[in-house]
Amino acid sequence: MAMAALRREGRRFAPLISPRPITAVRSSPLYPTLEDEGPLGLRHISTQVVRNRMKSVKNIQKITKAMKMVAASKLRAIQTKTENSRGLWQPFTALLGDLPSADVKKNVVVTISSDKGLCGGINSTSVKISKGLHKLNSATGPEKETKYVILGEKAKAQLVRDSKKDIELIITELQKNPLNYTQVSVLADEILKNVEYDALRIVFNKFQSVVSFVPTVSTVLSPEIVEREAESGGKLGDLDSYEVEGGETKGEILQNLAEFQFSCTMFNAVLENACSEQGARMSAMDSSSRNAGDMLDRLTLTYNRTRQASITTELIEIISGASALEG
Amino acid sequence: MLGRASMLLPCRSILPARARPFSTDLPAAPSADATFTEAWTKVIPNMDPPKTPLSFMQPRPPTPSSIPSKLTVNFVLPYASELATKEVDMVIVPATTGQMGVLPGHVATIAELKPGVLSVHEGSEMTKYFVSSGFVFIHANSFADIIAVEAVPLDRLDVNLVQKGLAEFTSKLSSATTDLEKAEAQIGIDVHSALNSALTG
C-alpha cells in the first residue's frame, strides 16, 4: 500500500528521485549549508551562500577581463614608441662600450618600476636585481657606496623597508601624461644635478614579447671614469683615437656626452618598462579571469548538488509523511 | 587558494609574431659581460644575472684595411630611426665648429651638433633635415651615428612662425633679468636664426 503510494508519487517526480537510499547531504567545509525551518517544520537547505559567492566571482571575472583589454590597448599604443626608441641607445654602446663591471666608488642604482599594481612579478624582479647590485658593489670593497634613485611607487614600497638610508631620490606618477623625451630629459637632469655619481646603473625590464620580460641593467659612466678606462686600455682603449671637435676642452664634450647618454638610455628604459608593465598586467589578468572561470564552474556544480539534494530531501519528507498517514 | 597554480599564459598574441633569430645566428657575448656575470654569480648565486645592452646589439664590423666606397649612416631620434644602416656617399652635419662633411674613411671623431641643416647625399639625390642638436660619432670603420633630439625635413618648416619666434626671443633677451632667462632666450635666438638661414640659404 505504502509502496503503491510511493510509486504513484514517484512517477510524478521520476527524474528527481533515485531508487537508492538518499544519503544525508554532505556539507562541504567551505560552504556551510544553512538549514532553516519552514512553516510546516520542513527543513530547507539554503543555497544563498553559494549563490552570493557565485555572483561575486562572476563580477571579478568580468572586471579582470576588462582590465586585460585595457592593458592590451595601452600596450599597443606604447609598443610602437618603444620599438622606435630602440635605436637611440645603440650608438652610445657602440662608441663607449658597456662596462657593467667597471670598478667605481660611487654607484647609483636607478630602479624603474610601475606606480600601479596587479602587474605580476616585474617590480619584485627589478627590486631584487637592484638589491643584488648593491650587494655586488659592497662585496668588492668597503669604501664603495651604492645609492638608489627610485622611479615608481612599487619599488619605493619595497626598498623603503630596508634600504631607507640609501635612497637619494624618489619619483612617482611618471605616467600621468604620455611618456615623451622632454619629460624624461628633465627627469634625467634632476637626477644628474642632485646625485653624485661615478656610475649610473639603470635597472628595468626589457620588453621582448607579450609574455617575456628580461631584467636588464644599463650602465652609464661619468666622464672621469670614461677617461680612466680609456687610458687603462681594454674595452675603451680606442676612445683616445677619436678626435673631439668643438668645445673648449675634451672634458666638456665628454660631460655633455655622458648627460646625453643618460637621458637617451633613461628614455628607452622607461618606455621598455612601461611596455613590460602592460604586458605583465595582461597575462596576470588573463590568468586571473581563467581562475575565476574555473572557480565559477566548481561553484555551479556545488550549487546544483545542494539544490538537488534539498529538493530530494523535501520530497522524501513529504512522501514518508504521506505514507505514514496511510500506513 | 584553490591550490592550482595557473601557469597558462595567453598563447594568442595581440601582435604579429616576430621571427626570433636562432641562437647560432646571434653574436657571441663579449668578454665584459663575462666578468660581470662571474662576479654576480659569486655574490648572488640563486638569481640569474640581468642582461646588459651589449647582448641586445649587433656588433659593429671591424675597421677594414682599405677605405670603403660608401658611408653607413645611422640617424636616430628619440621617436624614430630616420636612417638605419643606410649606405650613402656623404653627409654634411652642422657641428659646433661649422658644417662638417663626412666621407667614407673619415677619421674617427666625436662632435657635438648645433641647430642647423643636415644633408644626406646619396648618388644624385640629397635629403635635408633641420636638426635641433645632438651628437655625431664617426667611427673608423666608416660608420656614422647621428643622434639628434629633433629633426624635421625642411619643407615642414613655416617661415612666418620662424620670424615670429625670432622676434619673440629677441624681445625676451632684452627683457631678461636672471642668467637662466638670458641663457634660455639666447638658445631660442640661436635656434630661430639657424632656422631662418636654413630656409633662406
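Residues numbered from 1 in each chain as written. Chains lettered and ligands numbered in written order. Predicted model: local features only at pLDDT ≥ 70, side-chain atom pairs only at ≥ 80, totals over all residues. Heavy atoms only, no water.

Participant: Lay out the overall build of chain B in plain terms, naming residues and giving numbers.
Facilitator: Counting its secondary structure elements, chain B contains three helices and ten strands. If you list the helices and strands of chain B from N to C, you get α-β-β-β-β-β-β-β-β-β-β-α-α. Per-residue burial over chain B gives 38% buried out of 201 residues. Residue pairs in contact within chain B that sit at least 24 positions apart in sequence constitute 49% of those at least 6 positions apart. Carbon and sulfur atoms make up 59% of the accessible area of chain B, which amounts to about 11500 Å² in all. (Helix = DSSP H or I, 4+ residues; strand = E, 2+ residues; numbered from the N terminus. Buried < 20%, exposed > 50% of the residue type's maximum accessible area, 1.4 Å probe, protein only. Contact = heavy atoms within 4.5 Å. Areas by Shrake-Rupley, 256 points an atom, 1.4 Å probe, with all protein chains shown as cover.)

Participant: An account of the overall build of chain A is requested, with residue identities and associated values reported.
Facilitator: The secondary structure content of chain A amounts to eight helices and eight strands. For chain A, buried positions account for 46% of its 327 residues. In chain A, once contacts between residues fewer than 6 apart in sequence are set aside, the share between residues at least 24 apart is 73%. Within the structure as shown, chain A displays about 16300 Å² of accessible surface, and the carbon and sulfur contribution to it stands at 54%.

Participant: How would you explain the interface of chain A and chain B if you had to name every residue and give the values?
Facilitator: Between chain A and chain B, the residue contacts involve 61 residues of the former and 53 residues of the latter. Between chain A and chain B, the buried area comes to about 5300 Å², and carbon and sulfur atoms account for 70% of it. Its largest share of buried area at the contact with chain B, chain A owes to Leu 136, Tyr 242 and Glu 245 of chain A, together 11% of the area lost on that side. Taken together, chain A and chain B are joined by zero salt bridges. Here chain A and chain B share eight residue pairs in polar contact (both at pLDDT 80 or more) between them. Contributions of two or more residues to the side of chain A that touches chain B are made by α2 (48-85), α3 (90-96), α4 (122-140), β6 (199-209), β7 (212-221), β8 (243-245) and α8 (250-326) of chain A. Counting residues per element, the side of chain A that touches chain B draws most heavily on α8 of chain A, which supplies 14 residues. Partitioned by chemical class, the residues of the side of chain A that touches chain B number 29 nonpolar, 19 polar and 13 charged. Where β8 of chain A lies against strand β5 (residues 109-113) of chain B, three bridges are found, and the strand directions are parallel. Counted as the bridge partner of Glu 243 of chain A is Thr 109 of chain B from β5 of chain B. (Buried area = accessible area lost by both parts, 1.4 Å probe. Salt bridge = Lys/Arg side-chain N within 4 Å of Asp/Glu carboxyl O. Polar contact = N/O pair within 3.5 Å; in protein donor to acceptor, adjacent residues only side chain to side chain. Nonpolar A, V, L, I, M, F, W, Y, C, P; charged D, E, K, R; others polar. Pairing = 2+ DSSP bridges.)

Participant: Explain the environment of Leu 157 of chain B residue by residue, including any values.
Facilitator: Residue and element names in this part refer to chain B. Residue placement: Leu 157 occurs in the loop between β10 (151-153) and α2 (159-174). Each C-alpha atom, one on Leu 157 and one on Asn 196, is 9.7 Å from the other, the two residues being 39 residues apart in sequence. Aside from chain neighbours lying at most four places away, what touches Leu 157 is Phe 130, Val 152, Leu 195 and Leu 199.

Participant: If you had to explain the UniProt feature "domain: ATP synthase F1 complex delta/epsilon subunit N-terminal" (unreviewed entry) in chain B to someone new, which residues and values would you point to?
Facilitator: Cross-referencing UniProt, the feature "domain: ATP synthase F1 complex delta/epsilon subunit N-terminal" (unreviewed entry) maps to residues 72-142 of chain B in the present numbering. Secondary structure across residues 72-142 of chain B comprises 0% helix and 68% strand; the distance between its end C-alpha atoms is 6 Å. (UniProt positions renumbered as here; feature names shortened; annotations may be inferred.)

Participant: Describe in detail the sheet that holds β6 of chain A, supporting the description with residues and values.
Facilitator: All names here are of chain A. Read across the open sheet, the five strands follow the order β5-β4-β3-β6-β7; overall the sheet is mixed. In the strand order of this sheet, the two ends are held by β5 (167-171) and β7, each with one partner. For this sheet the average axis-to-axis angle between neighbouring strands, irrespective of direction, equals 20°. Pairing geometry for β6 and β7, over ten bridges, is antiparallel. Note on β7: the bridge partner recorded for Leu 200 is Val 220. Packed onto the sheet, helix α6 (residues 181-194) meets β4 (145-151), β5 and β6 and runs at close to 165° relative to β5. Packing of α8 onto the sheet brings it into contact with β3 (106-112), β4, β6 and β7, and relative to β6 it is tilted by some 40°. (Axes fitted to C-alpha atoms, helices over the stretch in contact; angles between N-to-C directions.)

Participant: Go over the confidence of the model for chain B, please, and point to the residues and values.
Facilitator: Residues and elements named next belong to chain B. Taken over all residues, the pLDDT of chain B has a mean of 80, while the share at 70 or more is 84%. Segment residues 5-18 is flagged for pLDDT under 50; beyond a separation of four residues in sequence, or across chains, it makes 23 contacts in the model. In this model, residues 25-29 is a region of pLDDT below 50 whose contacts with residues beyond four sequence positions or in other chains number four contacts. Here the prediction assigns the complex a pTM of 0.81, and the interface score ipTM is 0.79. (pLDDT = per-residue confidence, 0-100.)

Participant: A description of the packing of α4 of chain A against helix α5 (residues 153-162) of chain A should follow, citing residues and the corresponding values.
Facilitator: Residues and elements named next belong to chain A. Interaxial distance between α4 and α5 falls to 9 Å at its minimum, and their mutual angle equals 40°. Classified by the angle between their axes, α4 and α5 sit oblique to one another. As α4 packs across α5, the resulting crossing turns out to be right-handed. Within the contact between the two elements, α4 uses Asn 123, Ser 124, Val 127 and Lys 131 and α5 uses Lys 154, Ala 155, Gln 158, Leu 159 and Asp 162. Looking at the contact of α4 with α5, its residues break down into three nonpolar, three polar and three charged. (Parallel < 35°, antiparallel > 145°, perpendicular 65-115°, else oblique. Left-handed = near helix turned anticlockwise from the far one by under 90°.)

Participant: Before we move on, can you summarise the environment of Ala 144 of chain B with the specific residues and values?
Facilitator: Residues and elements named next belong to chain B. Following the sequence through the fold, Ala 144 ends up in strand β9 (residues 143-148). Taking C-alpha positions, Ala 144 is 7.2 Å from Leu 71, a pair spaced 73 residues apart along the chain. Discounting chain neighbours no more than four positions away, the residues touching Ala 144 are Thr 72, Val 73, Asn 74, Phe 137 and Ile 138.

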